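Understanding the architecture of this molecule
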Amino acid sequence: MNNKDAFKLLKNMLGDVDIHTDCLKEIADLLKKDLKGKEQQFLNVLSAQLNNIKQFGVKVSDIDGNEILRGLDGHYYSMHLKKTQFNIRLLVYIFDDGSYYLLSAFYERSGKNATSYSKYIKLLPGRLEDMEELENE
């Protein structure tokens, strides 16, 4: 699958999803680089995880290796998008009513400081604030 086709599918998939613009850029960059040749597999896993969020809401941490991010307010989650070919983390904020914002995405490589959570966790409150400001406009 070429990038153009992958981006079209991604755009259709995320059409009604609230996503931070930086997160969308992060996913696009992953598709161009780390996920080249693996786009369809990634999009399939992403679709499944988005459905999991819709179905389970704040209970999504009970399935598929997803987890609540510790040290925050209990509404930030790390979604695990993993296959043998890739290991992507999608960081989301899930409200009690099940609505959510996609805030950040990165390729997780074990033992690599460049892809540790701490770098991305620091960004989350600001990105949430950006999304809430857009919502209130």
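For the structure, check the block above.
A few points on the structure. This is a predicted model, so every value here is computed, not measured.

Focus: the environment of Y76
Along the chain, Y76 turns up in strand β3 (residues 76–83). Sequence spacing of Y76 and L128 is 52 residues, and the spatial spacing of their C-alpha atoms is 9.8 Å.

A short note on the pattern of salt bridges
Under the defined criterion, the tally for this structure stands at five salt bridges. With a shortest N-O distance of 3.8 Å, D22 and R127 are connected by a salt bridge. Here R127 lies in helix α5 (residues 124–136) and D22 lies in helix α2 (residues 21–32), a separation of 105 residues in the sequence. The exposure class of D22 is partly exposed, given its relative accessible area of 35%.

Here's the deal with the sheet that holds β3
Two orientations exist for strands paired in a sheet by backbone hydrogen bonds: parallel and antiparallel. Sheet architecture is open: five strands sit in the order β1-β5-β4-β3-β2, paired in mixed fashion. The open sheet is flanked by β1 (18–19) and β2 (67–68), the only strands paired with a single partner. Contacts between helix α3 (residues 39–56) and the sheet are confined to β3, β4 (86–94) and β5 (100–107), with β3 contributing the most and set at about 145° to the helix.

Observations concerning the pairing of β5
By the criterion of burial, β5 is predominantly enclosed, with eight of the eight residues buried. When β1 meets β5, the two strands line up parallel, connected through two bridges. Each bridged residue has a counterpart across the sheet, and for I19 the counterpart in β5 is L102. Pairing geometry for β4 and β5, over seven bridges, is antiparallel. Bridging from a neighbouring strand, L91 pairs with S104 of β5. Once β4 ends, the chain turns through five residues before running back antiparallel as β5, passing G98 with a positive phi of about 95°.

Conventions and cut-offs
- Residues numbered from 1 in each chain as written.
- Predicted model: local features only at pLDDT ≥ 70, side-chain atom pairs only at ≥ 80, totals over all residues.
- Heavy atoms only, no water.
- Helix = DSSP H or I, 4+ residues; strand = E, 2+ residues; numbered from the N terminus.
- Salt bridge = Lys/Arg side-chain N within 4 Å of Asp/Glu carboxyl O.
- Buried < 20%, exposed > 50% of the residue type's maximum accessible area, 1.4 Å probe, protein only.
- Pairing = 2+ DSSP bridges.
- Contact = heavy atoms within 4.5 Å.
- Axes fitted to C-alpha atoms, helices over the stretch in contact; angles between N-to-C directions.

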